[in-house]
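# Breakdown of the fold
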Amino acid sequence: MSNQGLYLYPVWLRIWHGVNALGIILLIFTGISMQYGNIDYPLLPFKVSVMIHNISGIVVSIGYVVFAIANHFSNNAKQYVPNYKGFGQRIMKQTTYYVFGYFKGEPKPFPITKDNKFNPLQRLSYITVMYIFVPLIVFTGVGLLYPELIFSKIFNMGGVQFIAVLHAIAGFFISLFLIIHLYVASIGKHPLKNYSSIITGYHSTEDH
Ligand code: HEM
């Protein structure tokens with residue numbers, strides 16, 4: 001620990017996180033524009049949305065491969081191992097803190113340490129988003145970019161249509177994750193202080 005706080009986010013993780021966050025925001029915006037935009041009044045012209053969506057999708061996909069490899073070969077991977085012991089109780093304890101304890105100024109039930117930087121809800125949500133929804137959106141996205149790779153029929157449905165539905169479902173859950181992630185990251189003594197941790201790498205110890 002230094003006087004700046006706990007060093008939790010190494011450089012590769014911060015670069016991946018910044019590129020990924022920007023890419024995902026562009027993907028959500030252009031994805032919504034393509035799916036719901038009125039052809040006469042689109043949020044963005046359709047062709048522009050497709051172009052930005054394709055480029056950001058490729059960047060986020062390459063970023064995901066970098067994350068998966070770097071995470072696997074670094075100490076960071078141990079933060080993503082599910083801990084089933086007392087799982088329900090720990091989830092309830094953290095949820096009760098977010099809903100009541102935090103507003104009453106109670107201390108965090110799971111203070112951050114170098115070996116355990118995520119609370120049980122963060123761990124669950126990061127495992128779900130990074131090991132289920134991001135890979136799902138990357139695989140289905142590659143399929144939609146190269147439709148000749150997709151079976152013509154899946155479960156009696158057009159193959160491309162089936163993959164497009166899965167892609168949209170994954171997009172919905174990643175958007176939901178992002179909203180909750182932004183809110184939860186603001187929880188602390190100073191709402192903006194936690195955000196700076198993913199830029200500087202240091203988590204402020206005042207915020208324990
Ligand atoms: C503007 C957008 C975003 C902001 C401001 C933001 C902010 C943060 C902050 C402050 C942290 C460190 C504190 C914590 O662990 O909660 C963090 C970690 C993390 N964020 Fe984000 N985030 C953004 C977008 C995203 C997106 C789109 C994803 C994934 C789809 C994501 C995935 C993660 C993961 C997996 C970690 C933990 C990294 C690790 O330590 O292994 N974030 N984010």
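In case you missed it, the structure is sitting above this.
These numbers come from a predicted model, not from an experiment. Every chain begins its residue count from 1, and numbering advances along the sequence as written. Side-chain atom pairs in this predicted model are given and counted only at pLDDT of 80 or more, local residue features only at pLDDT of at least 70, and totals for whole chains, interfaces and linings cover all residues.

Scanning the protein from N- to C-terminus turns up six helices and four strands. Listing every helix and strand of the protein by position from the N terminus yields β-α-α-α-α-β-β-α-α-β. Taking the principal axes of the C-alpha coordinates as reference, the protein spans close to 55 × 35 × 35 Å. With C-beta atoms placed from the backbone, a residue is labelled by how many other C-beta atoms lie within 10 Å of its own: buried for 20 or more, exposed for 12 or fewer, partly exposed between the two. Burial analysis of the protein (208 residues in total) assigns 15% to the buried set. Residues are treated as contacting if the C-beta atoms built from their backbones sit within 7 Å of each other. The long-range share in the protein, meaning contacts at least 24 apart out of those at least 6 apart in sequence, stands at 64%. Think of it this way: any DSSP run of H or I at least four residues long counts as a helix, any run of E at least two long counts as a strand, and we number them from the N terminus.

Each nonpolar core consists of buried Ala, Val, Leu, Ile, Met, Phe, Trp, Tyr and Cys residues. Their C-beta atoms, within 7 Å, join them into a set. If you look at the biggest cluster of nonpolar residues, it comprises five residues: Val129, Val134, Ile137, Val138 and Ala170. Broken down by element, the residue count for this core peaks at four residues, all from helix H4 (residues 120-145).

Here the focus is the site of the ligand. Around the ligand, the structure places 22 residues, and the nearest of them are Ala21, Ile24, Tyr126, Ala185 and Ile198. Listing elements by their share of the shell around the ligand, those giving two or more residues are helix H1 (11-36), H4, helix H5 (159-185) and helix H6 (193-200). In the shell around the ligand, the residues fall into 14 nonpolar, eight polar and no charged. Here, nearness is defined through the C-beta atom: a residue counts as near a molecule or strand if that backbone-placed atom lies within 6 Å of it. Following the grouping adopted for this structure description, the nonpolar residues are Ala, Val, Leu, Ile, Met, Phe, Trp, Tyr, Cys and Pro, the charged ones are Asp, Glu, Lys and Arg, and the polar ones are all others, Gly among them.

Another aspect to go through is H1. Between its first and last C-alpha atoms H1 spans 37 Å; for 26 residues at 1.5 Å apiece the expected length is 38 Å, and the two agree. Burial in H1 covers these residues: Gly23, Ile24, Leu27, Thr30 and Gly31. Its buried side turned inward, H1 meets helix H2 (46-73) and H5. In a helix, the anticipated span is given by 1.5 Å times the number of residues less one.

Angles run from 0 to 180 degrees between N-to-C directions of axes, and those axes are lines fitted to C-alpha atoms, restricted for helices to the stretch in contact. Interhelical geometry of helix H3 (residues 87-99) versus H4 gives an angle of 110° and a closest axis separation of 8 Å. For the element pair H3 / H4, the angle class is roughly perpendicular. Across the interface between the two elements, Arg90, Ile91, Gln94 and Thr95 of H3 pack against Pro120, Leu121 and Leu124 of H4. Here the contact of H3 with H4 is composed, by residue class, of four nonpolar, two polar and one charged. By the definition adopted for this analysis, an angle is roughly parallel if under 35 degrees, roughly antiparallel if over 145, roughly perpendicular if from 65 to 115, and oblique otherwise.

Summarising the element assignment, isoleucine 15 is placed in helix H1. Along the primary structure isoleucine 15 and isoleucine 199 are separated by 184 residues, whereas in three dimensions their C-alpha atoms are 8.6 Å apart.

Right, let's talk about the environment of phenylalanine 87 for a bit. Position of phenylalanine 87 relative to the elements: it lies in helix H3. As a C-alpha pair, phenylalanine 87 and leucine 26 span 61 residues in sequence and 35 Å in three-dimensional space.

Turning our attention to the environment of asparagine 71. Here asparagine 71 lies in helix H2. For asparagine 71, a count of 19 C-beta atoms within 10 Å corresponds to the partly exposed category. Considered as a pair, asparagine 71 and arginine 90 are 19 residues apart in the sequence and their alpha carbons are 25 Å apart. Aside from chain neighbours lying at most four places away, what touches asparagine 71 is Asn76, Ala77 and Tyr80.

It is worth spelling out the packing of H1 against H5 at this point. In contact at an axis separation of 11 Å, H1 and H5 are set at 130° when each is read in the N-to-C sense. Our classification of the angle between H1 and H5 gives oblique. Crossing geometry of H1 relative to H5 is assigned as left-handed. Of H5, the residues touching H1 (which contributes Ile24, Ile28, Gly31 and Gln35) are Ala168, Gly171, Ile174, Ser175 and Leu178. Per-class residue counts for the contact of H1 with H5 are five nonpolar, four polar and no charged. Note: crossing handedness is left-handed where the near helix turns anticlockwise from the far helix by less than a right angle, and right-handed where it turns clockwise.

So yeah, pure geometry; function would need other evidence.
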